[in-house]
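Overview (structure and organization)
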Amino acid sequence: MTNATTDSANPDMNSPGSGRLAHADSDHPPVPRARVGVLLANLGTPDATDYWSMRRYLSEFLSDKRVVDYADWKWQPLLQLIILSRRPFKSGEAYRSIWNTEKDESPLLTTTREQTRRVAEGLQAMYGDQVMVDFCMRYGNPSTDSVIKRMQTAGCEKILFFPLYPQYASPTTATANDQAFRTLMTLKWQPALRTVPAYFDHPQYIEALANTVREAYTAAATPPEVLVASYHGVPKRYLLEGDPYHCQCQKTTRLLRETLGWEKEAIQTAFQSKFGPEEWVGPATVEHVADLARQGKKHIAVISPAFSSDCVETLEEIEEEIRDAFLEAGGETFTYVPCLNERDDHIDALLAIIDNELSGWVSPRA
Ligand SMILES: C=CC1=C(C)c2cc3[nH]c(cc4nc(cc5[nH]c(cc1n2)c(C)c5CCC(=O)O)C(CCC(=O)O)=C4C)c(C)c3C=C
Ligand SMILES: [Fe+2]
Ligand SMILES: [Fe+2]
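The residue numbering used here restarts from 1 in each chain and proceeds along that chain's sequence as written. Working convention: letters from A go to chains and numbers from 1 go to ligands, in the order in which they are written. A pLDDT threshold of at least 70 governs which residues receive local features in this predicted model, and a stricter bar of 80 or more applies before side-chain atom pairs are shown or counted, although totals over entire chains, interfaces and linings include all residues.

The name given to the protein chain in an unreviewed UniProt entry is Ferrochelatase, with Halomonas tibetensis as the source organism.

This is the structure we're talking about:
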């Protein structure tokens, strides 16, 4: 945790307006100084790439009703007996091909930690020690429950919970929030909790995406003819049942195009990572890029605006599977535009969003 200190001797603790109870009794447990916590939340990550680590991770992930909403009696036998007997091998192989071997962890974890460090640095400059910053995962470690409890022990009576998904989706944003509130359900003294809304149209987020495109196009040996904005997909039924994810993705693409000043055909939206037998929102990126090659497009670029960090879905699925599909169908150059990761303009966008959402909870440093 960054900036986490406990301060049982802090003179503010018992002062009027400090929001703390006055305890003169010497046998009262020490009370930490009141702070505001900023908790960045990402999807999750397996602890390792072996069969059992992958199985544990996928089982937790795919048993989440926000992700797969079938009744347990129908889904669990299929998941536990069929899907989890095979998928951990395939997913383990995908994770192994992108694993951060130096730190022995997934790139999503490495990047989320670095983003947290950078955001903490920024907030320290803005607010000093009033604010502490940490990160958690919805599945796997560090768990949402453990980090919220740690923040509370360190004095956070208020927590700003920030799911790092630019577009709201019930299988990502909503389940991250659910998990945070599940922890609050177990606490005698709950911290106040604010959740940060989706930022799919935030001007600084869009500008940061545009910067990555400009940089990739400048560096490309041959200028791409088309940019495919490839978002993680969801079942089409989720859209029909009211999930705004699909619409927010379309809007991000439009705002990116307008910021770049490009014609409509220059950016196309597609959806990747289909899972299960249901119809998903489309077009599917892997088929779409092959179609582009068959239509004679030789040079394309792909960007992934729904992921705040590069992860298995970008580094393996886009950079390997989707690239191969394009080249095998006759394409010649495939440019991958990396996620925003720990870029300065991304961190500045996150800081601007956090600053706005902290309104009334902190006062700027003199
Ligand atoms: C960015 C938004 C995401 C949405 C929407 C989303 C929906 C969704 N995902 C699955 C199933 C899987 N997703 C997997 C990995 C994964 N998904 C996201 C993001 C979204 N998912 C990320 C960032 C990652 C990568 C995590 C990492 O550690 O790098 C996986 C695991 C990988 C694999 O086995 O292929 C699965 C499974 C569903 C079913 C779904 C919508 C209902
Ligand atoms: Fe996913
Ligand atoms: Fe995938």
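Regarding the nonpolar core
Of all hydrophobic cores here, the largest spans 83 residues; its most connected members are Leu39, Leu160 and Phe162. Only DSSP runs of H or I reaching four residues or more are called helices, and only runs of E reaching two or more are called strands; each is numbered from the N terminus. Ranked by the residues each element gives to this core, the list is headed by strand S2 (residues 131-140), at 7 residues. Beyond its immediate sequence surroundings of up to four residues, Phe162 is in contact with Val38, Leu39, Leu40, Ala41, Val196 and Ile354. Here, a nonpolar core means buried Ala, Val, Leu, Ile, Met, Phe, Trp, Tyr and Cys residues linked by C-beta atoms lying within 7 Å of one another. Here exposure depends only on C-beta density: within 10 Å of a residue's C-beta, 20 or more other C-beta atoms make it buried, 12 or fewer make it exposed, and intermediate numbers make it partly exposed, the C-beta atoms being placed from the backbone. A pair of residues counts as a contact when their C-beta atoms, built from backbone coordinates, are separated by no more than 7 Å.

Observations regarding the packing of helix H9 (residues 285-294) against helix H10 (residues 312-328)
H10 packs onto H9 with a crossing angle of 25° between their chain directions and a minimal axis gap of 7 Å. Our classification of the angle between H9 and H10 gives roughly parallel. In the crossing of H9 with H10, the sense of the turn from one axis to the other is right-handed. Between H9 and H10, the residues in contact are Thr285, Val286, Val289, Ala290 and Ala293 and Glu321, Ile322, Ala325 and Phe326, respectively. Residue polarity follows a fixed list, in which Ala, Val, Leu, Ile, Met, Phe, Trp, Tyr, Cys and Pro are nonpolar, Asp, Glu, Lys and Arg are charged, and the others, Gly among them, are polar. Within the contact of H9 with H10, the residues separate by chemical class into 7 nonpolar, 1 polar and 1 charged. Note on definitions: angles span 0 to 180 degrees between N-to-C directions of axes, and those axes are lines fitted to C-alpha atoms, for helices only across the stretch in contact. Between 65 and 115 degrees an angle is taken as roughly perpendicular, under 35 as roughly parallel, over 145 as roughly antiparallel, and anywhere else as oblique. Throughout, a crossing is termed right-handed when the near helix is turned clockwise from the far one, and left-handed when it is turned anticlockwise from it by less than a right angle.

Digging into the packing of helix H4 (residues 144-153) against helix H5 (residues 170-184)
Viewed as axis vectors pointing N to C, H4 and H5 meet at an angle of 55°, and their least axial separation amounts to 9 Å. It follows that H4 is oblique to H5 by the angle criterion. Crossing handedness for the pair H4 and H5: right-handed. Facing H4, whose interface residues are Thr144, Asp145, Ile148 and Lys149, H5 presents Gln179, Ala180 and Thr183. Tallied by class, residues from the contact of H4 with H5 come to 2 nonpolar, 3 polar and 2 charged.

What to know about the site of ligand 1
Using a C-beta atom placed from the backbone, a residue is described as near a molecule or strand when that atom lies within 6 Å of it. Taken together, 23 residues lie around ligand 1, and Ser91, Ala169, His232, Cys311 and Val312 are the ones closest in. Of all elements in the fold, only strand S1 (35-45), H5 and H10 reach the threshold of two or more residues within the shell around ligand 1. Across the shell around ligand 1, the residue classes break down as 16 nonpolar, 6 polar and 1 charged.

Considerations on unusual backbone geometry
Note that the residue after Asn141, namely Pro142, is joined by a cis bond; omega there is -5°. Tracing the backbone shows Pro142 in the loop between S2 and H4. For the bond running from Gly282 to Pro283, omega is 0°, close enough to zero to count as cis. Within the secondary structure layout, Pro283 lies in the loop between strand S6 (267-272) and H9. For Asp104, which is not a glycine, the phi torsion comes out positive at approximately 55°.

Looking at the environment of Thr112
The topology assignment puts Thr112 in helix H3 (residues 107-127). By C-beta crowding, Thr112 is classed as buried, having 27 other C-beta atoms within 10 Å. Remark: the alpha-carbon pair of Thr112 and Asp134, spanning 22 residues in sequence, is separated by 9.8 Å.

What about the environment of Arg66?
Structurally, the position occupied by Arg66 is in the loop between helix H1 (51-62) and helix H2 (72-98). The exposure class of Arg66 is partly exposed, given the 18 C-beta atoms found within 10 Å. A C-alpha to C-alpha distance of 6.0 Å links Arg66 and Thr175, two positions 109 residues apart in sequence. In this structure Arg66 touches Ser170, Pro171, Ala174, Thr175 and Asp178, once residues within four positions along its chain are discounted.

Some thoughts on the UniProt feature "binding site: Fe(2+)" (unreviewed entry) in the protein chain
UniProt positions are given in the numbering used here, feature names are shortened, and annotations may be inferred rather than shown by experiment. Residues annotated by UniProt as "binding site: Fe(2+)" (unreviewed entry) correspond here to His232 and Glu313. Spatial clustering of the annotated residues is evident: they stretch over 82 residues in sequence, but the largest pairwise C-alpha distance comes to 8.0 Å. Along the chain, His232 turns up in strand S5 (residues 226-232). Contacts of His232, omitting those with residues within four sequence positions, involve Gln272, Ser273, Ala306 and Glu313. Its location among the elements puts Glu313 in helix H10. If we skip the residues at most four places from it in the chain, Glu313 touches His232, Gln272, Ser273 and Phe307.

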